[in-house]
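Geometric and topological summary
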Amino acid sequence: MKTELLAPAGDIEAAYAALYYGADAIYLGLKNFSARASATNFDEQELNEITAYAHHLKRKVYVTINTVLQEHELPDLIKSLDICSKCRVDAVILQDLGVAHLIKTQYKELEMHASTQMAVHNKEGALFLKSLGFSRVVLARELTLQEINDIASIDGLETEVFIHGALCYSYSGVCEFSAMEYGKSANRGKCLYPCRACFGEDGQNKHIFSMKDMALEGDILKLKATSLKIEGRKKSALYVSAVTDYYRKILDGQKPDLKRAENIKQIFSRPWCKFHLQGKNKNVVDPDFVGHRGLKIGKIENIVKGKIILTPTHNIGRFDGLQIDVDSQEKPFGFSVQNIKQNGKNVFEAQKNIAVEIELPKGYPTLKKDMDVYLASSSQVKGAYDYTKPKPKEFQNKTNVDVAVEIFKDKVCALSGRFSFEVKGKFEPAKDLSKVYDAFFKSFQKTGDTIFELSQFELKNPLGLFVPASTINELRRGLYNNILPEFKHGSLSKLPKPLNNKKTGWIIKTDNLHLLDELDLSDFQEIIYLIDEHPDFEKLSALPLEKIRISLPTVCRKPEALMPAVKKLMDLGCFKWEVSNYWGLSVIDAKKYDVSFGSFIYMFNSEALLMAKEIGATRVCFGVEDTLKNLEEFSLKAFLPTSFIVYQDVPLFTSAVCIRDNDCAHCTKQTKWLKLKKDEHEYEALSVPCQTMLFDKFAFCAIESAKNVNASYFQMDFCYNPYMAHEVKEIAQKLMKFEEIKPSIQGNLKRTNI
């Protein structure tokens, strides 16, 4: 099978550019439910045109409905899926199980691709989603070449991997930083990218979470994935042109072209890296500067009377943009070139490898010799990527119609299915019957701006009559105006009877069973134990087994290392399990065990709950980043047992990027905590081998809102942070009295729109 090159399309111009420069497929978002909500995105007419054009070229179009949806948004989801079906898109890229449920039950013509927001990071997760009906999984960016190719070996499942573009510090889909701290959810396409901000540690301010861009270049030829994906739905058509062209050439057998790579860097680029493709890589963060840097073309050699002197490695023209790395500034200093001299003369374009003198704008910052200079905008490059596109409405998806016409002495009738139209008249015998047929056939082929396309045509003319062209055209227009397209109009699923949670029980979750020592466990209906590869079997044996639920970690790059512990726990009689990622459902069979869903299998709507029921979940957990308004509405419809987290140290993100400053060879592999500050707000970062997690200094507390949520259980979590048993007892007692824990954060409970 030919490897697919998949390009981004934030608007229709970028789509045309991607197809012109060789993309085998494009992915795009509609106006709603796109993980790039701030991109221009597509309306129905634009989607119809671009899919028709792509299919004409024998290319594909995938639509991203890859956010989690709240209950009130489900009617609009139906409209979006109707549009996808009508416009004949090739697949829907999705995150929310509610979207999956509707596609499986009502839109079977649409393929399902699992978004990278579903955090598929191992073979087990991919296998489960295949069993659920997904034809393709978009893999987590953090994977190595070996891991990618291992998952790509699964028969009957397509794999898609990112090869170029922006990187997130966190595993996609398990980041709640922007949502919990700023009310703009990455899971709903509105991330504010707080990870790119400056954080203070030990008196130093750095962009310690700001990632470089991924650029796999020639290494893409080592990948066995079905589809190679370029990130960039918020980028320009120029950027999409350059990146698509670059990788198209590599896939077609050419060596990576330095000039084309430099064009990309000039258009938009942070420093490049290959992330973890070849294994652990700590050189993936750009701690000193953020944003577009450009193409490095030299260093400042001198500064004389408001002018910089350098010998550029590339031509520089008037009105090109330059940027300079400036100490103590988080973004490079940028300006447009207005006056430039070479060999003592004013020039419009300075030639490379010859010293140039460039006038600085007024108010320029303090600059020094040897500072790096970048070409950040080039008129020459802007003109290097022209592309052609069809005329507006030249390509549209058409609906096939069959037409039958019958000619009588005093009228002519046209029928198509249940629709008909007739024109009265008096018709004379025809001189040439073949010309009569040709006249009707050619007329009904002229569908113009309608959405119809003639499929089969039949003419009955038993009296051998002639019909004037004007009458034929009137008949055609009348029939086509009468026909209503038989498009799909889905509906929301019928829900089972909701539960009436008259009395809410209590659940406690911990990764350290010794924290339960001072508690009266009779107060709790369930104890959830989050395990690693070495559970505390001795302490576990002293607890009431019927109350124990074993929780698998959300991220698990090596499930095989965890399996000995899982098997031993099963042998001990542990029947109840919690999974927080789809990989867990391959390890724990929901048909054999009592399996509940943790909060990272997002439950924001009743359609998702139906899919959870179909999978076999015995309980689900409401999302921590949800709003109280949605929780109130959704929880009243819940027909499965539910839990509502009232206390938790929320993992704002989980990352495969190491925060430590030592190299891997000198790592102590011990747990390490770092205290960070951002705009006077305090955070704590937890570093364990090969993983970093970020927490607010204060825990999330939702106890004041608990009585407004129709939950089966209230849940308190004591994981990750080093609590003491007496602290857990004190907090638990307050929560059970519905007393707020202060200070704390409330996330989005009092917000209405995330």
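Worth saying up front: this structure is predicted, and the values here are computed from it rather than measured.

So, about the nonpolar core. Ile 50, Leu 97 and Phe 597 are the most contacted members of the largest nonpolar core, which totals 197 residues. The leading source of residues in this core is helix H8 (residues 237–251), at 8 residues. Filtering out sequence-adjacent residues up to four positions away, Ile 50 remains in contact with Ile 12, Ala 15, Tyr 16, Leu 19, Ile 26, Leu 28, Phe 42 and Val 61.

A few words on the sheet that holds strand S17 (residues 321–324). Read across the open sheet, the 4 strands follow the order S13-S23-S17-S18; overall the sheet is antiparallel. The sheet is open, and its two edges are formed by strand S13 (295–299) and strand S18 (333–336), each paired on a single side. Across this sheet, the average inter-strand angle for adjacent strands is 30 degrees, counted without regard to direction. Bridge analysis of S17 against strand S23 (residues 372–377) gives 4 bridges, and the strand direction is antiparallel. Paired with Gly 321 across the strands is Ser 377, a residue of S23. The sheet strands contacting helix H9 (residues 258–267) are S13 and S23, and the helix crosses S23 at an angle near 85 degrees.

We now examine the side chain of Glu 607. The topology assignment puts Glu 607 in helix H16 (residues 606–615). Here Glu 607 occupies a buried position and makes no salt bridge, while the nearest side chain of opposite charge, Lys 637, is found at 9.0 Å. Within the local environment of Glu 607, its side chain forms a polar contact with the side chain of His 101, the two groups lying 2.8 Å apart. Here the side chain of Glu 607 touches Ser 493 through a polar contact of 2.8 Å, landing on its backbone nitrogen. With near-sequence residues (within four places) excluded, Glu 607 lies in contact with Leu 74, Leu 97, Gly 98, His 101, Leu 102, Leu 492 and Ser 493.

What follows is about the sheet that holds strand S27 (residues 452–460). In spatial order, the strands read S26-S25-S24-S27; together these 4 strands make up an open sheet with mixed pairing. At either margin of the open sheet sits one strand with a lone partner, and together these are strand S26 (419–424) and S27. Shown here is a sheet whose adjacent strand axes are inclined to one another by a mean of 20 degrees, direction ignored. One ladder, built from 4 bridges, connects strand S24 (residues 399–407) with strand S25 (residues 411–416); its direction is antiparallel. From the neighbouring strand, Ile 407 faces S25, where its bridge partner is Val 412. Most of the contacts of helix H11 (residues 433–445) go to S27, to which it runs at about 160 degrees, and overall it touches S24, S25 and S27.

In contact at an axis separation of 9 Å, H11 and helix H12 (residues 469–482) are set at 40 degrees when each is read in the N-to-C sense. Relative to H12, H11 is oriented oblique. For H11 against H12, the interelement crossing comes out right-handed. Residues Ala 439, Phe 440, Ser 443 and Phe 444 of H11 lie in contact with H12, whose contacting residues are Ile 472, Asn 473, Leu 475, Arg 476, Leu 479 and Tyr 480. Among the residues making up the contact of H11 with H12, the classes are represented as 7 nonpolar, 2 polar and 1 charged.

This brings us to the pairing of strand S29 (residues 526–530). Extensive coverage of S29 is indicated by the burial of 5 of its 5 residues. The alternating pattern of S29 places Glu 526, Ile 528 and Leu 530 on one face and Ile 527 and Tyr 529 on the opposite face, and all of these are buried. By the bridge criterion, 4 bridges tie strand S28 (residues 505–510) to S29 in an arrangement that is parallel. Within S29, the residue paired with Ile 507 across the bridge is Glu 526. Looking at chain direction, S29 and strand S30 (residues 548–551) are connected through 4 bridges and run parallel. Among the inter-strand pairings, Leu 530 is bridged to a residue of S30, identified as Ser 551.

Cut-offs and rules
Residues numbered from 1 in each chain as written. Predicted model: local features only at pLDDT ≥ 70, side-chain atom pairs only at ≥ 80, totals over all residues. Heavy atoms only, no water. Core = buried A, V, L, I, M, F, W, Y, C linked by side-chain atoms within 4.5 Å. Buried < 20%, exposed > 50% of the residue type's maximum accessible area, 1.4 Å probe, protein only. Helix = DSSP H or I, 4+ residues; strand = E, 2+ residues; numbered from the N terminus. Contact = heavy atoms within 4.5 Å. Pairing = 2+ DSSP bridges. Axes fitted to C-alpha atoms, helices over the stretch in contact; angles between N-to-C directions. Lys, Arg positive; Asp, Glu negative; His and termini not counted. Salt bridge = Lys/Arg side-chain N within 4 Å of Asp/Glu carboxyl O. Polar contact = N/O pair within 3.5 Å; in protein donor to acceptor, adjacent residues only side chain to side chain. Parallel < 35°, antiparallel > 145°, perpendicular 65-115°, else oblique. Left-handed = near helix turned anticlockwise from the far one by under 90°. Nonpolar A, V, L, I, M, F, W, Y, C, P; charged D, E, K, R; others polar.

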